[in-house]
Amino acid sequence: MSTAAPTTITITGAGGQIGYALLFRIAAGDMLGPDRPVRLRLLEIRQGLRAAEGAALELQDGAFELLRDVEVTEDPAVAFDGCNIALLVGARPRGPGMERADLLAANAGIFGPQGAAIAAHAASDVRAVVVGNPANTNALIASAAAPDVPAERFAALTRLDHNRAVGQLAEAIGVGVSAVRDVAIWGNHSATQVPDVTHATIDGAPALDVLAARFGDEDAAIRWLDDEFTPRVAKRGAEIIEVRGSSSVASAANATISHIRDDVEGTRLGWTSAAVVSHGEYGVPEGLFSSFPVRSDGSGYRIVEGLEVPARIRRRLDASVAELADEREAVRALGVI
Ligand code: NAX
């Protein structure tokens, strides 16, 4: 049994689908490795408490050696007490006839108080990733409510989009996913997101050259990227709902685990993607949480700078960033930030 001090991980929405897919993998050591024991704090609202309590019983039945203790609560102050890693999964989904402003307001009522509770109660090394949608703006709201916590400690999940892009590219070329490096997702975790293979490589060769060989020439490769790859990655969530009859769950939990693992252990091969706070990189207005290609040396994600962005990607990035700026304006108008 490891004698290392346990890492406290808070999971909000732990009684929901993604929560259920996350808990057992974390307890098994998939997120922090086999040497780091964990304490789990499961935050739910009243309606979700029984589901979270049931998951806690099953965690006990798993007899996980790394799992030191589990606490289920509806009090953010208890949930974030001593928290080292916060997985902010629980969010308010868009209901029938709900306007965007209502959705943003409902989520501000969740992520504002949770950000404040992180600032007040979490450990000084806390890192948080927002999974619950609209994830980028929820991260902005949580970070704004925690002014004493560096904004760089907050992120929104675009690793699922990144993984989807890697998977699509590998399938199109007929290689394993480990052959694919340096794909990027830019912008918002929404239909406007921008999957980009400009700097990607496949088995060490530029992805655009490999795609040109696969589809005939570079124009055909760009057509495939624009007409098939990009919309399929961006709309993959809808495709999963249509085929599976339910939204992405295990793949979202897997992406969340990979996001944290690479954040705290470092990105090993090339870069990955995460929505992090902009300091003006690539012309993204300061303070917005936008997806970028990122690397970590284990001390947190940093934006990969200095990449050339071709005009067709730039146009889409500008549109996605405009959407993020609109969401920020809407949240400002509500007086939330
Ligand atoms: P579920 O509805 O199964 O679970 C959400 C849980 O959150 C519920 O149990 C609910 O009681 C709880 N909850 C609501 N408000 C809460 C609060 N204030 N504090 C604590 N818990 C609260 O949804 P699930 O399928 O687990 O999805 C969770 C979120 O992930 C959704 O917002 C969804 O849109 C988002 N997703 C984000 C993805 C990403 O890549 N960023 C992909 C997957 C997913 O769509």
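Residues numbered from 1 in each chain as written. Predicted model: local features only at pLDDT ≥ 70, side-chain atom pairs only at ≥ 80, totals over all residues. Heavy atoms only, no water.

Before going further, it helps to spend a moment on the overall build of the protein chain. Broken down by element type, the protein chain carries 11 helices and 14 strands. Taking 20 Å as the expected radius of gyration for a compact globule of 337 residues, we find that the protein chain reaches 20 Å, a close match to that expectation. In terms of its C-alpha atoms, the protein chain occupies a principal-axis envelope of roughly 55 × 50 × 40 Å. Evaluated residue by residue, the protein chain yields a buried proportion of 52% over its 337 residues. Contacts spanning at least 24 positions in sequence make up 72% of the contacts within the protein chain whose residues lie at least 6 apart. In the form shown here, the protein chain has an accessible surface area of approximately 14,400 Å², with 50% of it arising from carbon and sulfur atoms. Of the charged side chains in the protein chain, 31 are positive and 44 negative, and the gap between their average positions amounts to 1 Å. (Helix = DSSP H or I, 4+ residues; strand = E, 2+ residues; numbered from the N terminus. Rg over C-alpha atoms; globule rule 2.2 N^0.38 Å. Buried < 20%, exposed > 50% of the residue type's maximum accessible area, 1.4 Å probe, protein only. Contact = heavy atoms within 4.5 Å. Areas by Shrake-Rupley, 256 points an atom, 1.4 Å probe, with all protein chains shown as cover. Lys, Arg positive; Asp, Glu negative; His and termini not counted. Charge placed at Lys NZ, Arg CZ, Asp CG, Glu CD.)

What follows covers the sheet that holds strand β11 (residues 205–206). The pairing of strands in a sheet happens through backbone hydrogen bonds and is either parallel or antiparallel. Pairing is antiparallel across the open sheet formed by three strands, whose spatial order is β7-β10-β11. Pairing within the sheet leaves two strands with one partner each, and these edge strands are β7 (180–181) and β11. Here two bridges tie strand β10 (residues 201–202) to β11, and the two strands are oriented antiparallel to one another. Note that in β11 the partner of I202 across the bridge is A205. (Pairing = 2+ DSSP bridges.)

Attention now goes to helix α4 (residues 100–121). With 22 residues, α4 should reach 32 Å at 1.5 Å per residue; the first-to-last C-alpha distance of 31 Å fits that figure. Along α4, the largest kink reaches about 30 degrees and is centred on A108. (Expected span 1.5 Å × (residues − 1). Bend = angle between axes of the 7 residues up to and from the residue.)

Taken together, the side chains of D209, D217, E218 and D219 present a region of like negative charge at the surface. Inspection of the secondary structure puts D219 in helix α8 (residues 218–234). According to the relative accessible area criterion, D219 is exposed, its value standing at 56%. (Patch = residues over 30% accessible without salt bridge, like charges linked within 9 Å, V, L, I, M, F, W, Y side chains within 5 Å. Salt bridge = Lys/Arg side-chain N within 4 Å of Asp/Glu carboxyl O.)

As recorded in UniProt, the sites labelled "binding site: substrate" (unreviewed entry) are R94, R100, N133 and R164. Of the residues just listed, which span 71 residues, the most distant C-alpha pair is 26.2 Å apart, and they do not cluster in one region. Checked against the lining of the largest pocket, the annotated residues reduce to R94, R100, N133 and R164. Mapped onto the secondary structure, R94 falls in the loop between β4 (85–88) and α4. Overall, the relative accessible area of 48% leaves R94 in the partly exposed class. Tracing the backbone shows R100 in helix α4. Looking at R100, the relative accessible area reads 33%, which means it is partly exposed. Every residue in contact with R100, bar those within four places of it in the chain, is listed here: R94, E323, D326, E327 and A330. (UniProt positions renumbered as here; feature names shortened; annotations may be inferred. 1 Å grid on protein atoms, 1.4 Å probe; cavity = no way out; pocket = protein on both sides within 12 Å on 5 of 7 lines; lining within 4 Å.)

Turning next to the site of the ligand. Lining the immediate environment of the ligand, one finds 21 residues, of which Q17, I18, E44, V131 and N133 sit closest. Residue N133 places a side-chain N or O atom 2.8 Å away from an oxygen atom belonging to the ligand. In the complex, 79% of the free accessible area of the ligand, which totals 880 Å², lies under the protein chains. Among the cavities detected, the one that contains the ligand is the largest pocket. When residues of the shell around the ligand are traced back to their parent elements, those giving at least two are α1 (17–27) and α4. The residue makeup of the shell around the ligand, split by class, is 10 nonpolar, 10 polar and one charged. (Near = heavy atom within 4 Å. Polar contact = N/O pair within 3.5 Å; in protein donor to acceptor, adjacent residues only side chain to side chain. Sits in = over half its atoms within 2 Å of the grid points. Nonpolar A, V, L, I, M, F, W, Y, C, P; charged D, E, K, R; others polar.)

Below, the discussion takes up helix α6 (residues 159–173). If you check α6, its first and last C-alpha atoms are 21 Å apart, about what 15 residues at 1.5 Å a residue would give, namely 21 Å. Most of α6 is tucked away, with 12 of its 15 residues classed as buried. Considered for burial, the residues of α6 that qualify are R159, L160, D161, H162, R164, A165, V166, Q168, L169, A170, A172 and I173. Just downstream of α6, G174 is the residue with a positive phi angle, here 80 degrees.

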